[in-house]
Amino acid sequence: MKRLYAVAKATAIVLYLYGTGSSAELSTENQAKLMKSVDSYAARMSEVALKIWSAPELGYQETKTSALLQDELRKAGFKIEAGVAGIPTAFVARAGTSDGPVIAILAEIDALPGMSQAATPERKPIPDQIAGHACGHHLFGSGSVAAAIAIKTWLQETGMKAQIRVYGTPAEEGGGGKVYMVRAELFKDVDVTLYWHPGDANNASQDRNLANTSAKFRFHGQASHAAVAPDRGRSALDALEAMNFMVNYMREHVPQDVRIHYVITNGGAAPNVVPEFAESYYYVRHPDPRVVAEVFERVKKAAEGAALGTGTTFDYEVINGVYSILPNDVLGRIMDANLRRIGPPAWTAEEMAFAEKLQKTLPGKNLPALTSAKEVTKYRFNGQKYSSTDSGDVSWVTPLATLNTATWVPGTAAHTWQATAAGGTSIGLKGTIVAAKTLALTVAELYTSPDVIQTAKGEFDKSRGPSFVYKPLIGDRQPPLDYRKGSPSAGTE
Ligand SMILES: [Zn+2]
């Protein structure tokens, strides 16, 4: 045992130092067991995914979707805690033992407004359907559940002491569900978190993206006749413009990679009335969440100065705030090795024909070849992406790794009708099974090599820095449970 431990440790160190791919030995017998287990649930998984796809639900309103996934997990023997973090559709499902490593798998569930589309290679919205799974979260949720059920069965068979969890995470599309779950300390005792996302290629690259805070600034002045009694008015719009002016000057004196964008959501109603109310909507982004927090404080100072100088008052509301992804190379390389072990999805002639037809509708000339869906892209670590997601917060409280599989036709971007379309076909389902298998093998491999988990944690601690303390960028605001009920675009990333 001692010797085994030493070997595992040495392997882990080699992996960490030289990045030589997968380390721990998960026997081929165990690998086969897990893959078979996913295969035996694949038909049911497909049913669940298509049921969610046919009845898409918007952020924080995923009542049926969340209940369906919870039911699947409950039937498989998971214990469910629902309505966590003050979010009715959020849940944590647990199976396994209370001692041993705890590995969590994320399951996103929300759809997008206005993305209704049939499973056809030409544009065909489904009448009376207000939303669509244009980001593939119906696959995301059901694939993660499939992986977790396979792991649970395997833990039972092997008698291994470990715990598997599924985090049902609502409202990724701008509602920041995971941020509230992290703030509620639901990941406190998690050793490693894994997730995947539908895509148009197969890869386990681990990249950074941008942390982001968004807020609405509201100025309050005094209305007056703009020509007859301007001296009695105090313009909220003047304050708003003064704030924008100061923030625009500030751009010269912030770190290089800071992005600040704003729109004016209310600038008054008529030129002959001094505006008593004005509102702007700001985003601040940077790869480091701590820089975002600092710059956001300075933006607030600009609002304060603008109000002071114009004789108005102001308040602000943080709409959303997410950390950037803190990538983990140790976990990424294991995920990559397992993805290669499983291999990309194989398409039938019929699926190829669908893909060919659908690809003709995609904009742009340099589209990737259809055969790229049959490859695994080269592994990359720490590339810079410019998007933002609420998985970022998870990556700063537990080591996190991700995975993409081809569930869409090569060249398809997320949030398009073409993504909704492919997600409703066997192309989407096949990619999901590849993801479920890859996740299952990766979790099992980590369970059998606690030292690799320790190495991943070591890397995580080093990347965060010794003085890091998690402070959510949303501050103390409550989950915006109604954000998709009013203006449908409010708070999107
Ligand atoms: Zn998504």
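All figures in this text were calculated on a predicted structure; none of them were measured in a lab.

Along the protein chain, the regular secondary structure elements total 13 helices and 16 strands. For the protein chain, the C-alpha radius of gyration of 24 Å lies close to 23 Å, the compact-globule estimate for 493 residues. Burial analysis of the protein chain (493 residues in total) assigns 58% to the buried set. The long-range fraction of contacts in the protein chain, counting pairs at least 24 apart against all pairs at least 6 apart in sequence, stands at 83%. Summing over all exposed atoms, the protein chain offers an accessible surface of approximately 20500 Å²; the carbon and sulfur share of this is 55%.

Every protein donor of the zinc ion is accounted for by Cys135 (SG), His137 (NE2) and His197 (NE2), and the metal-donor separations fall at 2.1 to 2.3 Å. The motif formed by the donor residues of the zinc ion, counted along the single chain, is C-x1-H-x59-H. The exposure class of histidine 137 is buried, given its relative accessible area of 1%.

Among the nonpolar cores identified, the biggest contains 119 residues, and Ile164, Phe219 and Met243 are the most heavily contacted of them. If you tally residues by element for this core, the top one is helix 12 (residues 426-447), at 12 residues. Counting residues in each nonpolar core, the second largest holds 12 residues, with Phe354, Ala355, Ala406 and Val409 among its members.

This part takes up the sheet that holds strand 12 (residues 277-286). On the basis of which strands lie adjacent, the open sheet formed by 4 strands has the order 11-12-10-13 and antiparallel pairing. The open sheet terminates on both sides in strands that have one partner only, identified here as strand 11 (259-266) and strand 13 (313-322). The sheet shows a mean angle of 20° between the axes of neighbouring strands, direction not considered. With 7 bridges connecting them, strand 11 and strand 12 associate as antiparallel partners. Along strand 12, the bridge assignment pairs valine 263 with tyrosine 281. Each of strand 10 (211-220), strand 11 and strand 12 is contacted by helix 6 (residues 236-250), which is oriented at about 20° to strand 12, the strand it contacts most. Of the strands in this sheet, strand 10, strand 11, strand 12 and strand 13 touch helix 7 (residues 289-310), which is tilted by about 10° from strand 10.

With that settled, the discussion passes to the packing of aromatic side chains. Counted by the stated rule, this structure contains 16 aromatic pairs. Clustering of aromatic rings is evident, with ring pairs tying together Phe217, Tyr262, Tyr282, Phe296 and Tyr316. The aromatic ring of tyrosine 281 is capped on one face by lysine 216, whose charged end is 4.9 Å from the ring centroid.

Note: most residues except glycine have negative phi, and most peptide bonds are trans. Look at alanine 171: it is not a glycine, yet its phi comes out positive at around 50°. With respect to the helices and strands, alanine 171 occurs in the loop between strand 6 (163-169) and helix 5 (177-183). Positioned with a positive phi, asparagine 382 is a non-glycine residue whose angle comes to about 65°. Position of asparagine 382 relative to the elements: it lies in strand 14 (residues 381-384).

It is the contact of helix 2 (residues 28-54) with helix 4 (residues 137-158), at a shortest axis distance of 8 Å, that shows an interaxial angle of 145°. Where helix 2 crosses over helix 4, the two elements pack in a sense that is right-handed. Among the residues making up the contact of helix 2 with helix 4, the classes are represented as 15 nonpolar, 7 polar and 2 charged.

The next point concerns empty space enclosed by the protein. Here the structure, examined in full by the defined rule, presents 1 cavity of 30 Å³ or more. What the largest cavity holds in volume is close to 30 Å³. Considering the residues around the largest cavity, the lining is formed by Leu326, Pro327, Asn328, Glu459, Phe460 and Ser463.

Here the focus is a nonpolar patch on the surface. On the surface, Phe245, Met246 and Tyr249 cluster together into a nonpolar patch covering about 340 Å² of accessible area. Looking at the element boundaries, phenylalanine 245 is found in helix 6.

Our focus in this paragraph is the side chain of threonine 310. Residue placement: threonine 310 occurs in helix 7. A polar side-chain atom of threonine 310 sits 3.0 Å from a polar atom in the side chain of threonine 312. Ignoring any residue separated from it by four or fewer positions in sequence, one finds threonine 310 in contact with Arg234, Ser235, Asp238 and Ala239.

Counting buried positions along strand 6 gives 7 out of 7 residues, so the element sits mostly inside the fold. Of the two faces of strand 6, both are covered, the one formed by Gln163, Arg165, Tyr167 and Thr169 as well as the one formed by Ile164, Val166 and Gly168. With 6 bridges joining them, strand 2 (residues 91-96) and strand 6 adopt antiparallel strand pairing. Paired with alanine 95 across the two strands is isoleucine 164, which belongs to strand 6. Both strand 3 (residues 102-108) and strand 6 contribute to a ladder of 7 bridges, which runs parallel. Looking at strand 6, one finds that isoleucine 105 is bridged to valine 166.

Our focus in this paragraph is the packing of helix 6 against helix 7. Contact geometry of helix 6 with helix 7 gives a least axis separation of 8 Å together with a crossing angle of 140°. Judged by the inter-axis angle, helix 6 sits oblique to helix 7. Relative to helix 7, helix 6 is oriented so that their crossing is right-handed. Counted together, Asp238, Ala239, Ala242, Met243, Met246, Val247 and Met250 of helix 6 and Arg298, Val299, Ala302, Ala303, Gly305, Ala306 and Thr310 of helix 7 form the full contact between these two elements. Across the contact of helix 6 with helix 7, the residue classes tally to 10 nonpolar, 2 polar and 2 charged.

Conventions used here
- Residues numbered from 1 in each chain as written.
- Predicted model: local features only at pLDDT ≥ 70, side-chain atom pairs only at ≥ 80, totals over all residues.
- Heavy atoms only, no water.
- Helix = DSSP H or I, 4+ residues; strand = E, 2+ residues; numbered from the N terminus.
- Rg over C-alpha atoms; globule rule 2.2 N^0.38 Å.
- Buried < 20%, exposed > 50% of the residue type's maximum accessible area, 1.4 Å probe, protein only.
- Contact = heavy atoms within 4.5 Å.
- Areas by Shrake-Rupley, 256 points an atom, 1.4 Å probe, with all protein chains shown as cover.
- Donors = N, O, S within 2.8 Å, 3.2 Å for Na, K, Ca; no water.
- Core = buried A, V, L, I, M, F, W, Y, C linked by side-chain atoms within 4.5 Å.
- Pairing = 2+ DSSP bridges.
- Axes fitted to C-alpha atoms, helices over the stretch in contact; angles between N-to-C directions.
- Phe/Tyr/Trp six-rings, centres within 6.5 Å; stacked < 30°, edge-to-face > 60°.
- Lys NZ or Arg CZ within 6 Å of the ring centre and 35° of its normal.
- Left-handed = near helix turned anticlockwise from the far one by under 90°.
- Nonpolar A, V, L, I, M, F, W, Y, C, P; charged D, E, K, R; others polar.
- 1 Å grid on protein atoms, 1.4 Å probe; cavity = no way out; pocket = protein on both sides within 12 Å on 5 of 7 lines; lining within 4 Å.
- Points joined across faces, edges and corners; volume = space filled by probe spheres on them.
- Patch = residues over 30% accessible without salt bridge, like charges linked within 9 Å, V, L, I, M, F, W, Y side chains within 5 Å.
- Salt bridge = Lys/Arg side-chain N within 4 Å of Asp/Glu carboxyl O.
- Polar contact = N/O pair within 3.5 Å; in protein donor to acceptor, adjacent residues only side chain to side chain.
- Parallel < 35°, antiparallel > 145°, perpendicular 65-115°, else oblique.

Note that every value here comes from positions in space, so none of it alone points to a role or purpose.
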